[in-house]
Amino acid sequence: MSRFATRRLALAAAALITLAPAAFAQAPIVIKFSHVVATDTPKGNAAEFFKKRAEELTGGKVKVEIYANSSLYKDKEEMEALQLGAVQMLAPSLAKFGPLGVKEFEVFDLPYLFDNYAELHKVTQGPVGKQLLDKLESRGIKGLAYWDNGFKVMSSNKPIKTVADYKGQKMRIQSSKVLEAQMRSLGVLPQVMAFSEVYQALQTGVVDGTENPPSNLYTQKMHEVQKHVSVTEHGYLGYAVITNKKFWDGLPADVRGQLEKAMKEATDYANKIAKEENDHALDAVRKSGKTEVVVPTPQEKLALKKLLVKTHEELGARVGKDLMQSIYKETGFDPAKL
Ligand code: LMR
């Protein structure tokens, strides 16, 4: 190579190095948002809404990549990935924070703790909910919001009409000690399993049944492998949207503010569509003709409630008695009055 050519090469390399920081500065900040449910669910749709608004409000400075249906990580892996910074955002169900060492979130799994969304929102949109999110910070996680799904139904391949029917059945649960106790109080053998594995476990008979809001049951096609659904509405399933704290704190202040706004809007959206989507999903399950859907009578529901509410006493110490009492105070729930 001639001296002239070598010099030209050196100049080109220097120019590249000078240009590089500018090129990097323009590259969008990527938020990988991983979740385990289908896109057409309250969480899936809210994540899409957040993506749209986050990209609009930041003028393209942020790009949100959504990985739905456990396509990137399954339940347990996604928590680890967030802590390691391999993903930046998740919305795990409140029943999945125990393995992280923040067992207080399992309070939301206590059966019949909330009768409706209005009672629930007093907690999730109020000071108690905020205090709970703050507990995540010591784990390197920032809690951004609560997103609703809904009230759970029971499903099984064996009849589940009366309280006695549950005895001896095997049912899949999420990784929550409260849910384990709830199932044991019915004589059910609970089995913790990742959400992505439930359909196959139901299909092959590894478990007889499970619990979930209708939106999850329907969009995972679980109703195709479950003969019975009972609309027990015995517990709530919702989410905490979380991010890696180091990532969040390191964002430029203006971008963080825009993302906070996008999250606020997405939260309003999520909590607006959740009930409607669950009602629609339950209707679709009924119409599929593949599953017998029963609605317990008020007496049957009361029998179930009386039995399951014992879980509050049993697991109060795990989730925190003071926390449980402060939720009772917000919602007016009184187990003694049953
Ligand atoms: C489940 O595992 O049943 C749910 O947590 C799935 C979800 O994210 O709604």
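In what follows, the structure referred to is the one given above.
Residues numbered from 1 in each chain as written. Predicted model: local features only at pLDDT ≥ 70, side-chain atom pairs only at ≥ 80, totals over all residues. Heavy atoms only, no water.

1. Focus: the sheet that holds strand β2 (residues 62–67)
1) Next: Judged by pairing direction, the sheet is mixed, and its five strands sit side by side in the order β2-β1-β3-β10-β4 without closing on themselves. What marks the edges here is a single partner per strand, and that holds for β2 and β4 (141–151).
2) Next: Contacts from helix α10 (residues 253–288) reach β1 (29–34), β2, β3 (89–90), β4 and β10 (236–244) within the one sheet, and its direction differs from that of β4 by about 15 degrees. (Pairing = 2+ DSSP bridges. Helix = DSSP H or I, 4+ residues; strand = E, 2+ residues; numbered from the N terminus. Contact = heavy atoms within 4.5 Å. Axes fitted to C-alpha atoms, helices over the stretch in contact; angles between N-to-C directions.)

2. A few points about the pairing of β1
1) Next: Both β1 and β2 contribute to a ladder of six bridges, which runs parallel. In the strand pairing of β2, F33 is matched with I66.
2) Next: Note that the unit made of β1, helix α2 (residues 42–57) and β2 has a crossover that is right-handed.
3) Next: Relative to β3, β1 runs parallel, the two sharing two bridges. Note that in β3 the partner of S34 across the bridge is L90. (Right-handed = clockwise from strand over helix to strand, strands pointing away.)

3. Some remarks on the sheet that holds strand β6 (residues 170–173)
1) Next: Pairing within the open sheet is mixed, and its six strands lie in the order β7-β6-β8-β5-β9-β11. Each edge of the sheet is formed by a strand with only one pairing partner; in this case those strands are β7 (189–192) and β11 (292–294). The sheet shows a mean angle of 25 degrees between the axes of neighbouring strands, taken without regard to direction.
2) Next: Both strand β5 (residues 153–156) and strand β8 (residues 209–212) contribute to a ladder of four bridges, which runs antiparallel. Bridged to S155 within β8 is T210.
3) Next: Strand contacts of helix α6 (residues 177–185): β5, β6, β7 and β8, with the helix running at about 160 degrees to β6, the strand carrying the most contacts.

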